[in-house]
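Observations on the model geometry
Take a look at the letters that make up each chain.
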Amino acid sequence: ILDLAMGGSTNTVLHTLALACEAGISYPLERINKLAKLTPTFCKVSPSRPDIHLEDVNRVGGIAAILKTVAQDGRAPLKLDLKTCTGSLRDMVEKAPDADGDVIRTGKKVFSKEGGLAILYGNIAPEGAVVKTAGVDKEMMQFAGRAKCYDSQESALEAILKGKVVDGDVVVIRYEGPKGGPGMQEMLSPTSALKGRGIKAALITDGRFSGGTRGLCIGHISPEAASGGPIAILKNGDTIKIDAAKRTLDVELSAKEIKRRFSKLKPFTPKVTGGWLGRYARHVLSAHAGAVMDNTALYQKK
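What counts as what
Residues numbered from 1 in each chain as written. Predicted model: local features only at pLDDT ≥ 70, side-chain atom pairs only at ≥ 80, totals over all residues. Heavy atoms only, no water. Helix = DSSP H or I, 4+ residues; strand = E, 2+ residues; numbered from the N terminus. Rg over C-alpha atoms; globule rule 2.2 N^0.38 Å. Contact = heavy atoms within 4.5 Å. Areas by Shrake-Rupley, 256 points an atom, 1.4 Å probe, with all protein chains shown as cover. Lys, Arg positive; Asp, Glu negative; His and termini not counted. Charge placed at Lys NZ, Arg CZ, Asp CG, Glu CD. Expected span 1.5 Å × (residues − 1). Buried < 20%, exposed > 50% of the residue type's maximum accessible area, 1.4 Å probe, protein only. Pairing = 2+ DSSP bridges. Salt bridge = Lys/Arg side-chain N within 4 Å of Asp/Glu carboxyl O. Polar contact = N/O pair within 3.5 Å; in protein donor to acceptor, adjacent residues only side chain to side chain.

This next bit is on the overall build of the protein. The number of helices and strands found in the protein is 11 helices and 10 strands. Taking 302 residues into account, the globule formula puts the C-alpha radius of gyration at 19 Å, and the protein, at 20 Å, falls close to it. With the C-alpha coordinates aligned to their principal axes, the bounding extent of the protein is approximately 60 × 45 × 35 Å. Counted over contacts in the protein with a minimum sequence separation of 6, partners at least 24 positions apart contribute 69%. On the protein, roughly 14400 Å² of surface is accessible, and the fraction owed to carbon and sulfur atoms is 54%. Distance between charge centroids for the protein: 4 Å, based on 44 positive and 32 negative side chains.

One turn of the α-helix equals 3.6 residues, which is why residues spaced by three or four share an orientation. With 12 residues, helix 2 (residues 11-22) ought to run about 16 Å at 1.5 Å a step, and its terminal C-alpha atoms sit 17 Å apart, in line with that. Every buried residue belonging to helix 2 is among N11, V13, L14, L17, A18, A20 and C21, and all of these are buried.

With that out of the way, let us pick up the pairing of strand 9 (residues 239-243). One ladder, built from 5 bridges, connects strand 5 (residues 142-150) with strand 9; its direction is antiparallel. Considered in strand 9, the bridge of F143 is made with I242. As judged from the 4 bridges shared by strand 9 and strand 10 (residues 248-251), these two strands associate in the antiparallel manner. From the neighbouring strand, D243 faces strand 10, where its bridge partner is T248. Taken together, strand 9 and the strand that follows it, strand 10, pair antiparallel across an intervening segment of 4 residues, in which R247 is found at a positive phi of about 65°.

Moving on to the pattern of salt bridges. Scanning the model with the defined rule gives 19 salt bridges in all. Residue D73 pairs with R75 through a salt bridge whose shortest N-O separation is 3.0 Å. Using a relative accessible area of 30% as the deciding quantity, one classes D73 as partly exposed. Look at R75 and you get partly exposed, because its relative accessible area is 45%. Look at the salt bridges and you will find they share partners, linking R49, D51, D102 and R105 into a network.

A few words on unusual backbone geometry. For the bond from S46 to P47, the omega torsion is 10°, close enough to zero to count as cis. With respect to the helices and strands, P47 occurs in the loop between helix 3 (31-36) and helix 4 (54-59). Backbone geometry places H220, a non-glycine residue, at a positive phi of 65°. Accessibility expressed as a relative area gives 4% for H220, which makes it buried. The phi dihedral of A291 falls on the positive side, at around 55°, and the residue is not glycine. Relative to the assigned elements, A291 resides in the loop between helix 10 (275-283) and helix 11 (297-301). For A291, a relative accessible area of 17% corresponds to the buried category.

The subject of this paragraph is the side chain of S88. Along the chain, the position of S88 falls in strand 2 (residues 87-88). Looking at S88, the relative accessible area reads 17%, which means it is buried. With residues near it in sequence (within four places) discarded, S88 still touches L80, D81, L82 and K83.

To continue, consider the environment of E257. Along the chain, E257 falls in helix 9 (residues 255-264). Counting along the chain gives 176 residues from E257 to D81, while the straight-line C-alpha distance between them is 53 Å. Separated by 2.9 Å, the side chains of E257 and R261 make a polar contact.

Structure follows, in structure tokens:
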């Protein structure tokens, strides 16, 4: 809820799912969208709001003040009686100052009526993908463009820096998920390069980003390419449609063409086969499950 209220990092989704799994709790990814409808974006920090930084949030009351604003709004299911390191959440929230009206906003001044993260679904991401809507310009919330496909972060970054990616493109970076990476390296460089060059393009990937990402960047696409997900069958020139408001991510292909491409998809060849990393790659699940191992108790039950 905090991450939704301040448009934080997409990594929170991955960690929340992983922690829930380790605790034996089944936490469906679509729950994030339900919470987002109940949690306005009360606060934004750099890079989503370049002039406001974490020290500014701290100056007006910090995390406690944001959570107090959430509690006062009353719609999100914030459980104030939960224990923290210093007492209960209620103790922390009640001592916090009220929203200052600028760094932390309320009422009609909120940055968005919904939270700053969203889960997208569609024929590219049947099991979900994550986007930080707090970092997306309003005119980019709906976007359709031509696919430019790359099988690594490095090859995508090279193409962007050489001017091969232009306005209207959708950069597709695949085989960077938990199994394909292996390990989901953070891909801040390609997103920064797009923003820095002022290119009006989207980026979709089975990898992940950091809280420093801005723009129409969609990560955690599941199933990932290395697990035979639909992102693996995309080709240069395919038309990809993104609607962050309606939570959809699709490629304009017929069911027949998708089936044909899957029939010709070659099995994934792991980058690492030996040692612990090779063992990890053989057993890790896609990001929709929190990138946990397939031998965890929760998934053994299934």
